[in-house]
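Breakdown of the fold
Residues per chain are reported as follows:
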Number of protein chains: 2
Amino acid sequence: MTKKSASDAAELPLNRIIDGDCIEVMNGLPEASVDLVFADPPYNLQLRGDLHRPDNSKVDAVDDHWDQFASFKVYDDFTRAWLAAARRILKPNGAIWVIGSYHNVFRMGAELQNQGFWILNDVVWRKSNPMPNFRGKRLTNAHETLIWASRSEEAKYTFNYEALKALNEGIQMRSDWVLPICTGHERLKDENGDKAHPTQKPESLLHRVILGTTNPGEVVLDPFFGTGTTGAVAKMLGRDFIGIEREAAYREVAEKRLAKVRKFDKEALIVSTSKRAEPRVPFGQLVERGMLRPGEMLVSPRGKRAKVRADGTLIADDVKGSIHQVGAALESAPSCNGWTYWHFKREGKTIPIDILRQQIRSELG
Amino acid sequence: MTKKSASDAAELPLNRIIDGDCIEVMNGLPEASVDLVFADPPYNLQLRGDLHRPDNSKVDAVDDHWDQFASFKVYDDFTRAWLAAARRILKPNGAIWVIGSYHNVFRMGAELQNQGFWILNDVVWRKSNPMPNFRGKRLTNAHETLIWASRSEEAKYTFNYEALKALNEGIQMRSDWVLPICTGHERLKDENGDKAHPTQKPESLLHRVILGTTNPGEVVLDPFFGTGTTGAVAKMLGRDFIGIEREAAYREVAEKRLAKVRKFDKEALIVSTSKRAEPRVPFGQLVERGMLRPGEMLVSPRGKRAKVRADGTLIADDVKGSIHQVGAALESAPSCNGWTYWHFKREGKTIPIDILRQQIRSELG
DNA sequence: ATGAGTCCTGAATCAGAAG
DNA sequence: CCTTCTGATTCAGGACTCA
């Protein structure tokens, strides 16, 4: 037994990118040898026609061959196979992270459970700057979902509670993470200046995952390595990585990227967090929350009146619109701060609606 | 056909709470009769003895080595059965919302897809005041997941885009909703002062769902009615509801609650609508009515010119056709909204032709 | 240098009526 | 069922230009 684990460790191709199909490659690695798997598999988007922005520019969609699957059945078979291969190489106390969108994440989550993984959290990556919904036909798809699961219910998984709490300004880290998408200098470009990979993940996301659920010196394996964000962050944080990627172009970009990465010194690991701006509170939320009732009248200091509608707009005489628009129209002013302009009545008192906004903000912390 | 739909409508037990198992009850309702299903099914996979098979037999506690698989199997059977029953009673253009946590939502989402529902969005309810993780062993579980799906890929589902945008102060609504959990006076208590239901959902959540994805007068069915949040909000918003609940204690609380609910006044229920919903005005009508003269020149923002012809088409250089076709051709764009693209001149001013359309529409009332 | 203004882009299951 | 045609629709942030 001792011999086995020792030789296994020696055989592990650490800090390298392996060329090949991830299922075959994982099946060729020694079992129970990896501490964490991070997997960003194809999402199986099933896009139909082209999509244009209102300015007529075309959206550069993910239409790569590797995201095409003939059916749910084919996708499920693929998912079952790579998850089983990942589970075999995980140490008994190992864990896995997967990321996906509504196209594939439900199928992945169900299969994780079927195989005996134990879900610890589902985590929502709330994008601060998502692509809008250009046709106005659905909600802006502003998040992706990660699932964090241990290899089994009995696993003593790693969780650096205090580190994540510190990262969150001393407050316990929640299951929703607000992080920007990968743009700017961090976004890798090819020789033409186009994005090197259609779905490069931000390092901030991997930072939180690796810092929170592995210890320095442990091994993180990414079966869909792409441009190597997992490897880059693992290296910075003093973890070993194994990348598997079958597209030569991605491997090449990742190799160059990794060569430039420097491990942080310990002091640098203390992350500075930016001050948060005061959260925007839409007026509609006062209506949804029942603080104001649709049909209720608001009054201005000089006695103008308007009625609240169910969608958070106001209506007064022939004017309708937001609290700001209606206020401005009634005062024939170019603009108006509806929050201080409008008041509601409670028990004979006239109270500015801004009080209600402050109440919501205080709840948000 | 006419007879059928008329009698179906008559048979629907509107604005009532039906006692019984939701699968049986739904199977007893006429098919294609409901506009929206909102479902908050049991989350618990570990079967504390209150889960039933599709045939309504009670599930025995599982005590063997197959526990986990058997539990998922039974939960999946249950999910498959109630989703199929819900799908049968949905109108062809109907839609469904389900809510769950990581314990069950992946299995529900996969089954939705398997049955042919078409996922439109997954929505994250981000709780502003979640229960902390007391042991510090995981991330604070601070959200739940909703899935919004149409009955089929082809369904013309209802989405009140402008209303939700208004609710969010003019910015399109995203897939992550920050709302507080149900507490305070909204949280229903039993005669002992204990909470009447363990998982009562906030009305704000249902407000957004029902306002955004149904129209006034439509029918919303909730197969796991509980204390009746769905019914209460549907009533406020002028929608009809059907509730199904097999626990007498919940039905009793819900009945009392619903009796107190008042519908919002009609004017408050009129929400912002998109231009799409307004009557179509052919460009030729502006010519017929003499608002524009044949031979008159129109100009684009960037100085392109086209001449109005008597039949309501335009001609520019070698291009002729509708206002949209000529605009698209001159801009080499895949499409063009001629109403906002073309302008005419009056008294030295350049005015978009859309002004004239608005004039006609306002005459139409 | 700084700031205002412009342009570009991101895992997207993105139309519907009329003929 | 098909095809044709109208015409509605975007937020945040980084890069870049120009005064």
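Residues numbered from 1 in each chain as written. Chains lettered and ligands numbered in written order. Predicted model: local features only at pLDDT ≥ 70, side-chain atom pairs only at ≥ 80, totals over all residues. Heavy atoms only, no water.

In the nomenclature of an unreviewed UniProt entry, chain A is known as Methyltransferase of Maritimibacter fusiformis. Comment text from UniProt for chain A, heading Sequence similarities (unreviewed entry), reads "Belongs to the N(4)/N(6)-methyltransferase family." (UniProt positions renumbered as here; feature names shortened; annotations may be inferred.)

Once that is clear, we can look at the protein's contact with DNA strand C. Around DNA strand C lies a shell of 37 residues, among which A:Q46, A:R53, A:Y102, A:M131 and A:R135 are the nearest. Expressed as a percentage, the sugar and phosphate content of the atoms of DNA strand C within 4 Å of the protein is 46%. A:Y43 is positioned such that a nitrogen or oxygen atom in its backbone is 3.1 Å from a base nitrogen of DNA strand C. At a separation of 3.1 Å, a base oxygen of DNA strand C approaches a polar side-chain atom of B:W118. Residue composition of the surface near DNA strand C, grouped by class: 18 nonpolar, seven polar and twelve charged. (Near = heavy atom within 4 Å. Polar contact = N/O pair within 3.5 Å; in protein donor to acceptor, adjacent residues only side chain to side chain. Nonpolar A, V, L, I, M, F, W, Y, C, P; charged D, E, K, R; others polar.)

Within the secondary structure, B:D122 is located in strand β4 (residues 118–127). We note that B:D122 is buried and unpaired, the nearest opposite charge coming from A:R138 at a distance of 9.0 Å. Within the local environment of B:D122, its side chain forms a polar contact with the side chain of A:H143, the two groups lying 3.0 Å apart. Not counting the four nearest positions on each side in its chain, B:D122 is found in contact with A:Y102, A:F106, A:N141, A:H143, A:T145, B:T145, B:L146, B:I147 and B:S175. (Helix = DSSP H or I, 4+ residues; strand = E, 2+ residues; numbered from the N terminus. Buried < 20%, exposed > 50% of the residue type's maximum accessible area, 1.4 Å probe, protein only. Lys, Arg positive; Asp, Glu negative; His and termini not counted. Salt bridge = Lys/Arg side-chain N within 4 Å of Asp/Glu carboxyl O. Contact = heavy atoms within 4.5 Å.)

Further remarks concern the environment of B:W177. Here B:W177 is to be found in strand β6 (residues 176–179). What makes B:W177 buried here is its relative accessible area of 1%. A C-alpha to C-alpha distance of 8.4 Å links B:W177 and B:L205, two positions 28 residues apart in sequence. With near-sequence residues (within four places) excluded, B:W177 lies in contact with A:L139, B:W97, B:V123, B:V124, B:W125, B:R126, B:L205, B:R208 and B:V209.

A:W82, A:I96, B:W82 and B:I96 are the most contacted members of the largest nonpolar core, which totals 69 residues. Residue contacts for A:W82: discarding those within four places in its chain leaves A:C22, A:I23, A:M26, A:A39, A:P41, A:I96, A:V98, A:M108 and A:F224. B:A95, B:V209, B:M236 and B:A254 belong to the second-largest nonpolar core, a separate cluster that totals 42 residues. (Core = buried A, V, L, I, M, F, W, Y, C linked by side-chain atoms within 4.5 Å.)

The next point concerns the side chain of B:D76. Residues and elements named next belong to chain B. Residue position: D76 is located in helix α3 (residues 67–89). Assessed through its relative accessible area of 19%, D76 is described here as buried. At a separation of 2.8 Å, a polar atom in the side chain of D76 contacts the side chain of R107.

Considering all chains together, one arrives at 40 salt bridges over all chains under this definition. Ionic pairing is found between B:D21 and B:R246, a salt bridge with its closest N-O pair at 3.8 Å. Residue B:D21 is found in the loop between β1 (16–19) and α2 (22–27), and its partner B:R246 is found in the loop between β8 (240–245) and α8 (248–260); the two are separated by 225 residues along the sequence. We classify B:D21 as buried; its relative accessible area is 11%. Under the relative-accessibility criterion, B:R246 is labelled partly exposed at 37%. Via salt bridges that share partners, A:R126, A:R174, A:D176, B:R126, B:R174 and B:D176 belong to a single interconnected network.

Quick look at the UniProt feature "domain: DNA methylase N-4/N-6" (unreviewed entry) in chain A now. According to UniProt, the "domain: DNA methylase N-4/N-6" (unreviewed entry) feature falls on residues 34–256 of chain A. Taken end to end, residues 34–256 of chain A comprises 28% helix and 22% strand; its first and last C-alpha atoms sit 25 Å apart.

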